[in-house]
Every structure is written in structure tokens, then in C-alpha cells.
Amino acid sequence: MADPYHNNIYHQGDGDSYGTYGQGGQDGYGYQTDYPPQEEDAASDATEGHDEEDQIYEGEYQGIPHPDEVKAARRAARAKARTVGDTVSDQEELAEQYEDIMEDCGHGKFQWTLFVVLGLALMADSVECFVVALVLPSAEKDMCLSHAEKGMLGLIVFLGMMFGAFIWGGLADKVGRRKCLIIVLAMNCISAFFSSFAQGYGFFLFFRLFSGIGIGGSVPIVYAYFSEFLQMDKRGEHLSWLCMFWMMGGIYASFTAWGIIPRYGWGFSMGTEFQFHSWRVFILVCALPSIAAFVGLIFMPESPRFLLENAKHDEAWMILKQVHDTNWRAKGEPERVFTVTQIKVPKTQEDEFIEIQSATGTAFQRWVVRTLTLTKLVMKNVLSLFGRDLRLATLLMAIIWFTMAFSFYGLSVWFPDMIKHLQHEEYESKVKVFHREKVEQFHFNFSLENQVHKEGEYINDKFIDIEMKSVKFEDSLFLDCFFENIRSTETTFENCTIRRTVFYDTDLYEEKFIDCTFENVTFLQNKKGCHLDYDEENDVLVYLVSFLGSLAVLPGNIISALFMDKIGRIKIIGGSMLISAGCTFFLFLSFSQAAIIAWQCLFCGVSVAAWNGIQVITVELYPTSKRATAFGVLNAICKLAAILGSSIFASFVGITKVIPILLSFGALVGGGVLALKLPETREKVLL
């Protein structure tokens, strides 16, 4: 039978070959790391006058093993496992080879540079989740949104992210991690720009959907991409540190919203048809992480593990050499030589696209065939997640992702909505009620707020240059009155009789008069555009709750990163979800505004450890050819759960708190128990 791998051998320009990879060694798994002998004249000034025997490892007398000894011990253990255990598959052998190469490349400047670039991409995803919620109080006034339209705008981003995760996760396994990530970041930047200028609700909704489809693909790609540059003992910790950028995205969005949106002067207008208010400036500022990640990614290489999986040995070798040289040069050891000369690469099916490109037909026809072929390959990859080997892991992970997202996003919406509800109840408890008041020839030149006037009579009165906030007139009579330059918020007239009255330059529209009787009433030069019907006192609590909720995950992030590789992914996920379930019961103990904020911070701080563990184990459970696809499918399930959770939990605001608490508790307990059934992956090389 033909060997399913082909070997490529690299030589230096002077004819000396590097060490051989895949030959020799008593364990049947050779990996030559001895450096080629240097000429005497090649010794650097730093080492002049020192013999090799003089170079003593500093930790020798402290009982600390040398890093090279640790590497050798790990390789010997893996070789022993291969010898004693079952027959090693080609995929497993390639995974072992790649792990050894990454150990020799070390962890250093290259990984930290990539860490920052991919972290900015993850930060862009976080910002996208917060943008609509933060701008909605201003945008609803600016674009005259109904309650249904506000609800759709809140869900459309998650809907786009759901499709984006599925689509781009699948494409990243076929087209490449870097290429797909560049495209999704570009989509996010472009849609952010156009949505900030969109004046109509339809266009704004479309561009936010387009933005969600773009940035939704960033999370699956980022984790798959970064994990393939990490060695096994660094993977859990550094993937957890990467999650810190999601927290930073929430802080960035909340802080910039508080600093920009209340500044109404930060905008301009062109007549009455085009308004560019401060909340639109905020949307542009939120695109900065995407722009920064896009620029940084241009200078980053493709994942060599992905290239090897697709039989692109030459490109993979060059990138691995770049990683090796960058790291050791930064550590002050530029003399270290990349000793790998050959890497076994699986023979993959010939790329169907090559044949398509050379076929006859127009460019459009070739593009259609290529797109259909790519779609077929992606769907085939998705279906393979439910094959015999991966079916159980996929089902368990799908349930865990769903239960975690359902509870987390549901409570994330429910907490601030409950705070607003409590504020509204407190506000209504202070309402002033006036019965059968009779006011004649009076000039109202002061604002009216939180008042109810029942069966009143207003005769020959003037209401000029005032604001009416939460004012209701019931069964009242207005006779020979004059209203001028009125701004109103949540103000209505119910069952009123209005005679010989003039409304000049007001925003009192027909919908604010409910079952009223008009006799000789005149409306002149009514204010146009509901952007003028708003309360200038922005509710800073919206920004504060988002800021505190994001900042609260910092301790959980640090703890999970430090212990991810020490106690394992399974204990982190199961423990965090079960403790988070217990935190929800604290809501029964106290239910003030301050208590809700405190419980939200506690819940976010504990649950983030589960999120980190879920994302790490998702990367490690699946082979390279399916890693981004699996992450994309599971992340799409996560966004579906977010849509359901936020919709269901919000519907109980002001009705009952028992059902949301029990739903979140049940989901977290169920997901936490199932998480304990997952296999531990911290000692597993990436297949």
C-alpha cells in the first residue's frame, strides 16, 4: 500500500541539510534537535573565552530540571504511550510531530504579538454585543422606533452572529483561518461605517445584521487560529488569557458610551432629513478594535497546522521557521537553528478548485461552481461532527453551550431590565395627583413632571416654553387655552374636551390624545421628527451596569487562566456552572437595585470561568480539519440560546422573578452535571 504521506526535505543554500524529522531514534519517533556544528570563527563575542563545560544551568543546584530535559521527558512519555497503546494513526503521528516542533519553537514574542492582534478581534466581537443595547435609548428617539422595532433591533445582531459563526467557522477549515478572519473584520468595519450614517430604520437594521454576520465568525476563527500556535502545556492558560479581551470589549463599549452619547454637541445635521447625533459617533468609535485587528492581521501568517492539513508543506515550514527565529531572537539566542527538514504531510484529495479554474466557461460560471463546491465541502464537514467518533462529544458540547448561553444572556438582559422596572415603580410611587383643580388665566412657565390631573378645568390658560414629562390629563376641560413650544415625554390626554385651543410649535401629536373631543382646535407648525421627543437626562445607570458587569469577570478570568492547566477543563466548567447556579438563588434574598447589581457582578465573575473552559475544550476536542467548523456550529447554538434566553427572560420583567431564576438555575445545573461527563483534554495534543 502506498504511504499516505509525502515527505519534503529542505536544504540550506550551502548544501548542508538540517536535521531529519521523522527518522531514527529508539522510540520509533525520531526528531533530531542537535544543532549543526559551528565553525570556530563563527563563535560570537558573547561566548568568547568560555568553554561549553563552563556553561552551567543556573537551576542545577536547586533541583530545577533544565527546560530541554522537560521537553525530552514529555516526548519520551508520549513515545511510550504510542508504543504501549493502540496503533498510532497518521493523524495522531502528525499531531505528535507538530507538538514537538512547537515545543522547539518555544513560546515568546511571536505568540504574544499574535495574542494582541487576535485579542483585538475578540474585543470587536464583545463590543458588537453591547453596541445596540447602549445606543438604543437614543436611537429609538432618533428613528421613531416602536416597541416591536426596538425588540427586533436588539435581536438582529445575535441573529447575524449566529449565521456568521456557522458560515465563517466552516469556511475557515476550507479556505484558511487568516483569510476568513480578515474578511469578517472588514465586513464589521464597513457595516459599522454605513450603519452610523443610516437614517432609516430599515437600512440601519440591515447594516447591523451585516455587521453581525461578519463579526460572528471572529470567535470560532480566533480560538482555532491561536490554539494552533501554542504548545500543549501553554494552551489552556493562554487561551484563557485571550478571553480577557472579551471583558475589555465590554469595558471599552460602556466607557466610550458614557463619554460620547450624552454629548449632544458631538454631531451635525443637514436640514431635517439628515441627523448625525452623538450615538452615531459612538458606533464609529466602536469599530476601532476591528480596524486595529484588521491592520495587525495583515502582518500575521496563516496557521501552519492548517497548511499541513491541506498538504502545503513548503508554506508551513517557512512559517514555523519564522516563529522559531522570532522567538529565539527575542530571547537573545539568535544562534539557535531551526532543525526541522521534513514534516509528514497527509495526502489530501486533490483540490477541486484547481480543475474548476482551468475549465471552460465564463468567470461567473466558474465562480458559481466553485461556490457550490465549497458549500458542499463545508456542509459535509458539518455533518461529520455527528459521525460515530464525534457524535457524543458534539451533543454534550451543544447542550453545555446552549444551557450556559441561555442562562448567561438571559440574565444579562433581565438584570438591567429589572433595575429599570424597579426605578419605574419607585418613580410612579412619587406621582402627584390633582383632583378637580380649576385654573383660570394662568401662565404655566414651569415644567410639569410625574403628575396626574383628573377632572380639571383649564380656562384661558397659557402653556409656553415648558417640558411635560410623565404627565397625564384625564377627563379634563381645556377652554380658550394656548400651547406653545412644548416638549413632552410620556405625556397623554385621555377623555378630555378641548375647545377653542391653539397648539403652536409643539410635539403633541394625535396619538397623545386618547378618546378626546375637539371643538375649534388648531395645530400650527408641529415639531417634526421624534428625535426631538427625548429626555436629555441620560440614564447613566445603563452604562454603569454594563461597565460593572464587564469588570466583574476580571477575577474569574485570572483564576481560570492560572488553574486551567492545573486542575483541568472539566472541573473548571462543571464547578463554575454549579456555583453560578447557586448564585442565582441569592436573588430570592434581596431584591433592591443595589442588590441586583451586586448579584449580577457575582454571577458574571463566577460564570466567566465556565466560558473559558468551554472555549478551551471545544478547541481541543476536535481535529484540525473540523476545529473551526465545530466551534462555529457550537457558537451558533450559543447565539440561538442567547436570542431565546433574552426574549423569554425579558417577558417576565414586572410579572414574576421566580420563573427566570428557576430557568437559569435548572439550565446551569443540567449543563454543569453534563460537563463532568466530558473527557479531560489538558494532556492531549491537538489532532
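Every value quoted in this text rests on a predicted model; they were computed, and no experiment measured them. (Residues numbered from 1 in each chain as written. Predicted model: local features only at pLDDT ≥ 70, side-chain atom pairs only at ≥ 80, totals over all residues. Heavy atoms only, no water.)

1. Quick look at the side chain of Ser-560
- Within the element layout of this structure, Ser-560 appears in helix H18 (residues 553-567).
- Ser-560 sits in the buried class, given a relative accessible area of 1%.
- In this structure the side chain of Ser-560 is engaged in a polar contact, spanning 2.7 Å, whose partner is the side chain of Asn-612.
- Residues within four places of Ser-560 in sequence aside, it is in contact with Ser-240, Ile-572, Ala-609 and Asn-612. (Helix = DSSP H or I, 4+ residues; strand = E, 2+ residues; numbered from the N terminus. Buried < 20%, exposed > 50% of the residue type's maximum accessible area, 1.4 Å probe, protein only. Polar contact = N/O pair within 3.5 Å; in protein donor to acceptor, adjacent residues only side chain to side chain. Contact = heavy atoms within 4.5 Å.)

2. Details of the nonpolar core
- The biggest cluster of nonpolar side chains holds 153 residues, and the ones touching the most others in it are Leu-118, Leu-181, Tyr-223, Leu-242, Leu-297, Met-397 and Trp-414.
- Discounting residues that sit within four places of it in the chain, Leu-297 has contacts with Val-117, Leu-118, Arg-178, Leu-181, Ile-182, Leu-185 and Tyr-225.
- Val-439, Ile-466, Phe-473 and Ile-486 belong to the second largest nonpolar core, which has 20 residues in total. (Core = buried A, V, L, I, M, F, W, Y, C linked by side-chain atoms within 4.5 Å.)

3. Regarding a nonpolar patch on the surface
- The grouping of Phe-585, Phe-588, Leu-640, Leu-644, Ile-648, Val-658, Ile-659, Leu-662 and Leu-663 at the surface amounts to a nonpolar patch, some 660 Å² of accessible area in total.
- If you list the elements that add at least two residues to the nonpolar patch, you get helix H21 (627-650) and helix H22 (658-675).
- Structurally, Phe-588 is set in the loop between helix H19 (569-584) and helix H20 (593-621). (Patch = residues over 30% accessible without salt bridge, like charges linked within 9 Å, V, L, I, M, F, W, Y side chains within 5 Å. Areas by Shrake-Rupley, 256 points an atom, 1.4 Å probe, with all protein chains shown as cover. Salt bridge = Lys/Arg side-chain N within 4 Å of Asp/Glu carboxyl O.)

4. Some words on the pairing of strand E15 (residues 502-506)
- In the sheet, strand E12 (residues 482-489) pairs with E15 via 4 bridges, with the strands oriented parallel. Note that in E15 the partner of Glu-484 across the bridge is Tyr-504. (Pairing = 2+ DSSP bridges.)

5. A short note on the environment of Lys-109
- Mapped onto the elements, Lys-109 comes out in helix H3 (residues 109-142).
- A sequence separation of 218 residues divides Lys-109 from Asn-327, and the C-alpha atoms of the two residues are 5.2 Å apart.
- Setting aside residues no more than four positions away along its own chain, Lys-109 makes contact with Thr-326, Asn-327 and Ala-330.

6. Digging into the pairing of E12
- Here 7 bridges tie strand E10 (residues 462-474) to E12, and the two strands are oriented parallel to one another. Note on E12: the bridge partner recorded for Glu-467 is Arg-487.

7. Quick look at the pattern of salt bridges
- Counting across every chain of the model gives 21 salt bridges.
- The shortest N-O distance in the salt bridge between Lys-469 and Glu-449 comes to 3.8 Å. With Lys-469 in strand E10 and Glu-449 in strand E8 (residues 448-454), the pair connects residues that are 20 residues apart, well separated along the chain.
- Residue Glu-449 is classed as partly exposed on the basis of its relative accessible area, which comes to 40%.

8. As for the packing of helix H4 (residues 147-172) against H21
- At a closest axis distance of 7 Å, the pairing of H4 and H21 adopts a crossing angle of 170 degrees. Classified by the angle between their axes, H4 and H21 sit roughly antiparallel to one another. Contacts from Leu-155, Phe-158, Leu-159, Met-161, Met-162, Ala-165, Phe-166, Gly-169, Gly-170 and Ala-172 of H4 reach H21 at Ala-628, Thr-629, Gly-632, Val-633, Asn-635, Ala-636, Lys-639, Leu-640, Ala-642, Ile-643, Ser-646 and Ser-647.
- Looking at the contact of H4 with H21, its residues break down into 14 nonpolar, 7 polar and 1 charged. (Axes fitted to C-alpha atoms, helices over the stretch in contact; angles between N-to-C directions. Parallel < 35°, antiparallel > 145°, perpendicular 65-115°, else oblique. Nonpolar A, V, L, I, M, F, W, Y, C, P; charged D, E, K, R; others polar.)

9. Remarks on the packing of H3 against helix H8 (residues 232-242)
- Interhelical geometry of H3 versus H8 gives an angle of 45 degrees and a closest axis separation of 9 Å. Put simply, H3 runs oblique to H8. Residues Trp-112, Phe-115, Leu-118, Gly-119 and Leu-122 of H3 pack against His-238, Trp-241 and Leu-242 of H8.
- Residues of the contact of H3 with H8, tallied by class, amount to 6 nonpolar, 2 polar and no charged.

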